[in-house]
Amino acid sequence: MKAPWRVVAGMLVLAACDRAQEIDPAGQYGAAPVLPQPHEQLVADVGVYQVVGWRAGETPTVPSGFHIEALATGLSNPRNVLALPNGDVLIVESKNEQVEPLQRPKDPIRTWIMARAHGESGSGAAPDSSNRITLLRDSDGDGRPDGRSVLVDHLNAPFGLAVIGNDLYVANTDAIVRYPFAPGQTHITAPAVKIVDLPAGPINHHWTKSLAASPQGTRVDVGIGSNINAMERGAEAEINRAAILEVDPRDDMFKVFASGLRNPNGLTFYPGSSTLWAVINERDELGPNLVPDYITSVRPRAFYGWPYSYYGGHVDARVRPQRPDLVAKAISPDYALGSHVAPLGLAFYTGSSFPAGFRGGAFVGEHGSWNRTQPHGYKVVFIGFRNGRPTGVPKDFITGFLRDGKARGRPVGVALDRTGALLIADDVGNTVWRVTYSGRTQQRPRPTGR
């Protein structure tokens, strides 16, 4: 192990020599973020933290008046969660076992960094993933499950879930599949029916595939991340990637709904509308404060810049060949979340058990940075909405995942259960958390970074 450590140390010294872009992070939130000049790096600044998991009695931190407790523990890399109308909760336990081929000198360094950031070595490592969907049942409605079963097993790195009528749709890393599924069912025995293949293959850099069913149930939208940071592997490796695909489950056909989205996740429709929203992980290696990740409404047939530009017309000079024709069409996102916070989950608050100020706003699960020395993310934030648009600054809602320079957990998918409680999948902590409101202290969450 000594030789790899020396290589890592040397690369990190080079990265440290490249640090620049000293700006106020608070300026990187909202509709008009501050964008410093790009500062291309041999390897990104690195801030990875030892994964230790949650000790007995520990929980994340929530604002006064709220309560958080574990809904389920001992899970295997829970990445997503879906609450059903009958009160059952589906948990996606998933891990991509595929190893990408090493194509660039810095690939071994990045692989080591990402493994450490996800707890794949050390005391906080998750148990072996079974790539399954676990069902929790709360028969008496007290918010504490009294039943737990494996709904479906032997999946291939699943992430996205959607229910349309009596069918369950699962986005594996390589295909969308469908199962017959009736409310109350605790185990699926029927074989999967493949709806459509998804981009995967031996190089499958962004493997999570987010899924959302349209309000009418006539289509499912699936987010496909890029195969690299800034098209270094060429255009062929990015066919139907960095995009949201629109799939018709009736004829198994798809088309590109929107493109230029480096890694779209958290696909969900704004309540009472047909407007699709998503959170996007932007590109790396342009400095610790470039490029801000964001939340945005997604327009049909629109182009959002990747890889040729970011935030509208800000050209990425690393990309060859350049495409000024596409840059001229690039749409600016609605709302910046800050650089490298790694948003993966999105849920709009439609419940009634939280104070009225939360109604219609968005909860975002920020998995957390690995590519900057000062951490960003590692929390769930709340963003207020007015007239269907984000407003103000993001506010910390659930924190404490990163403590004393060590990672207790990392939030991923977020959802609401039928009582209006917020559910959070914590893949490093191997836990699903549930947040309720006591009704005693109506205190708003504090602004992020304050």
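The structure this text deals with has already been given above.
Procedures and definitions
Residues numbered from 1 in each chain as written. Predicted model: local features only at pLDDT ≥ 70, side-chain atom pairs only at ≥ 80, totals over all residues. Heavy atoms only, no water. Helix = DSSP H or I, 4+ residues; strand = E, 2+ residues; numbered from the N terminus. Buried < 20%, exposed > 50% of the residue type's maximum accessible area, 1.4 Å probe, protein only. Contact = heavy atoms within 4.5 Å. Areas by Shrake-Rupley, 256 points an atom, 1.4 Å probe, with all protein chains shown as cover. Pairing = 2+ DSSP bridges. Axes fitted to C-alpha atoms, helices over the stretch in contact; angles between N-to-C directions. Phe/Tyr/Trp six-rings, centres within 6.5 Å; stacked < 30°, edge-to-face > 60°. Salt bridge = Lys/Arg side-chain N within 4 Å of Asp/Glu carboxyl O. Polar contact = N/O pair within 3.5 Å; in protein donor to acceptor, adjacent residues only side chain to side chain.

(A) Main features of the overall build of the protein chain. Looking only at helices and strands, the protein chain features three helices and 32 strands. Residues classed as buried in the protein chain amount to 58% of the 450 residues present. For the protein chain, the proportion of contacts with a sequence separation of at least 24, taken over those separated by at least 6, is 62%. As displayed, the protein chain has an accessible area near 18000 Å², and 51% of this comes from carbon and sulfur atoms.

(B) Geometry of the sheet that holds strand 3 (residues 66-72). The four strands are arranged 3-32-31-30 in an open sheet whose pairing can be described as antiparallel. Looking at which strands have only one partner, the edges of the open sheet turn out to be strand 3 and strand 30 (411-416). Strand-to-strand twist across the sheet, computed as the mean angle between neighbouring axes with direction ignored, equals 25°. Here strand 30 runs beside strand 31 (residues 422-426); their pairing, made up of four bridges, is antiparallel. Its bridge partner lying in strand 31, Ala415 is registered against Leu423.

(C) Structural view of the environment of Ala190. In this fold, Ala190 is placed in the loop between strand 10 (175-180) and strand 11 (193-197). Since its relative accessible area comes to 27%, Ala190 is described here as partly exposed. Ignoring anything within four residues of it in the chain, the contact list for Ala190 reads Tyr179 and Pro180.

(D) Quick peek at the packing of aromatic side chains. Counted by the stated rule, this structure contains 23 aromatic pairs. Measuring from ring centre to ring centre gives 5.7 Å for Tyr294 and Tyr311, while their planes differ by 80°; the resulting arrangement is edge-to-face. Separated by 17 residues along the polypeptide, Tyr294 in strand 18 (residues 292-298) and Tyr311 in the loop between strand 19 (309-310) and strand 20 (314-315) bring together distant segments of the chain. Judged by relative accessible area, which is 7%, Tyr311 ranks as buried. Here Phe358 and Phe363 contribute two aromatic rings whose centre-to-centre distance is 6.0 Å and whose plane-to-plane angle is 15°, an arrangement assigned as stacked. Of the two residues, Phe358 and Phe363, both sit in the buried class. The structure contains a cluster of three or more aromatic residues connected by ring pairs, namely Phe66, Tyr349, Phe354, Phe358, Phe363, Phe382, Phe397 and Tyr437.

(E) Quick peek at unusual backbone geometry. Look at the link from Trp306 to Pro307: it is a cis peptide, with omega at 0°. For the bond from Arg320 to Pro321, the omega torsion is -5°, close enough to zero to count as cis. With respect to the helices and strands, Pro321 occurs in the loop between strand 20 and helix 3 (324-327). Phi at Asn240 is positive, roughly 60°, even though this residue is not glycine.

(F) Layout of the pattern of salt bridges. The full count for this structure, using the stated rule, is 20 salt bridges. The salt bridge involving Arg323 is made with Asp325; its shortest N-O contact spans 2.7 Å. Given the relative accessible area of 39%, Asp325 is considered partly exposed. Sharing partners across several salt bridges, the network here consists of Arg219, Asp221, Glu246, Lys255 and Arg301.

(G) Expanded view of the sheet that holds strand 4 (residues 78-83). In spatial order, the strands read 4-5-6-7; together these four strands make up an open sheet with antiparallel pairing. Both outer strands of the open sheet, strand 4 and strand 7 (147-152), are each paired with one neighbouring strand and no more. Adjacent strand axes in the sheet meet at a mean angle of 25° when their direction is disregarded. Note that strand 5 (residues 89-93) and strand 6 (residues 132-137) share five bridges and pair antiparallel. From the neighbouring strand, Ile91 faces strand 6, where its bridge partner is Thr134.

(H) Representation of the pairing of strand 13 (residues 220-224). Taken across its five residues, strand 13 has five buried, putting it largely inside the fold. Summarising the sheet, strand 12 (residues 211-213) and strand 13 pair through three bridges and their orientation is antiparallel. Note on strand 13: the bridge partner recorded for Ala212 is Asp221. In this antiparallel pair of consecutive strands, strand 12 and strand 13, the connection spans six residues, and Gly217 shows a positive phi of 75°. Across five bridges, strand 13 lies against strand 14 (residues 243-248) in antiparallel orientation. Bridge assignment links Asp221 to a residue of strand 14, and that residue is Glu246.

(I) A look at the environment of Pro321. Classification of Pro321 as exposed rests on a relative accessible area of 55%. In this structure, the C-alpha to C-alpha distance between Pro321 and Gly234, residues 87 residues apart in sequence, is 9.8 Å.

(J) Quick look at the side chain of Ser226. If you trace the backbone, Ser226 turns up in the loop between strand 13 and strand 14. Among the polar contacts made by the side chain of Ser226, one reaches the main-chain carbonyl oxygen of Ile228 at a distance of 2.6 Å. If we skip the residues at most four places from it in the chain, Ser226 touches His205, His206, Glu238, Arg241, Ala242, Arg262 and Trp306.

(K) The pairing of strand 22 (residues 343-348), seen in detail. By the criterion of burial, strand 22 is predominantly enclosed, with six of the six residues buried. One ladder, built from five bridges, connects strand 22 with strand 23 (residues 362-366); its direction is antiparallel. Residue Pro343 lies in a different strand from strand 23, and its bridge partner there is Glu366.

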